[in-house]
Amino acid sequence: MQALRIALTVIFIILSVALAAIILMQEGKSAGLGAISGAAESYWGKNKGRSMEGKLEKITKWMAISFIVIAIILNLNVF
């Protein structure tokens, strides 16, 4: 059981570093303020789900969920 705890701890550390890197790679929400004046593409015209930004958001969501689940598992002290 101790080996499983060590493996989860290593995964947790790698996941936390990767999550920080993914978050830093994303654009800020203020980057889309040009849409107010019509300078940027419209929201519906941009295929957000298939763009790089959309993929980063999906990866961030799933990594954050797994981060929280592993944190809860490690905090239960069942190992």
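Basis of the calculations
Residues numbered from 1 in each chain as written. Predicted model: local features only at pLDDT ≥ 70, side-chain atom pairs only at ≥ 80, totals over all residues. Heavy atoms only, no water. Helix = DSSP H or I, 4+ residues; strand = E, 2+ residues; numbered from the N terminus. Expected span 1.5 Å × (residues − 1). Buried < 20%, exposed > 50% of the residue type's maximum accessible area, 1.4 Å probe, protein only. Contact = heavy atoms within 4.5 Å.

Draft legend 1. Region of interest: helix 1 (residues 2-25). Here helix 1 spans 35 Å end to end across 24 residues, near enough to the 34 Å set by a 1.5 Å rise per residue. Restricting attention to buried positions, one finds in helix 1 the residues Leu8, Leu15, Leu19 and Ile22. Looking at the packing, one finds that the buried side of helix 1 touches helix 2 (52-75).

Draft legend 2. A look at helix 2. Between its first and last C-alpha atoms helix 2 spans 34 Å; for 24 residues at 1.5 Å apiece the expected length is 34 Å, and the two agree. The complete set of buried residues in helix 2 reads Glu53, Gly54, Leu56, Thr60, Met63, Ile70 and Leu74. Buried positions along helix 2 lie against helix 1. Of the residues flanking the end of helix 2, it is Asn77, one or two places downstream, whose phi is positive at about 55°.

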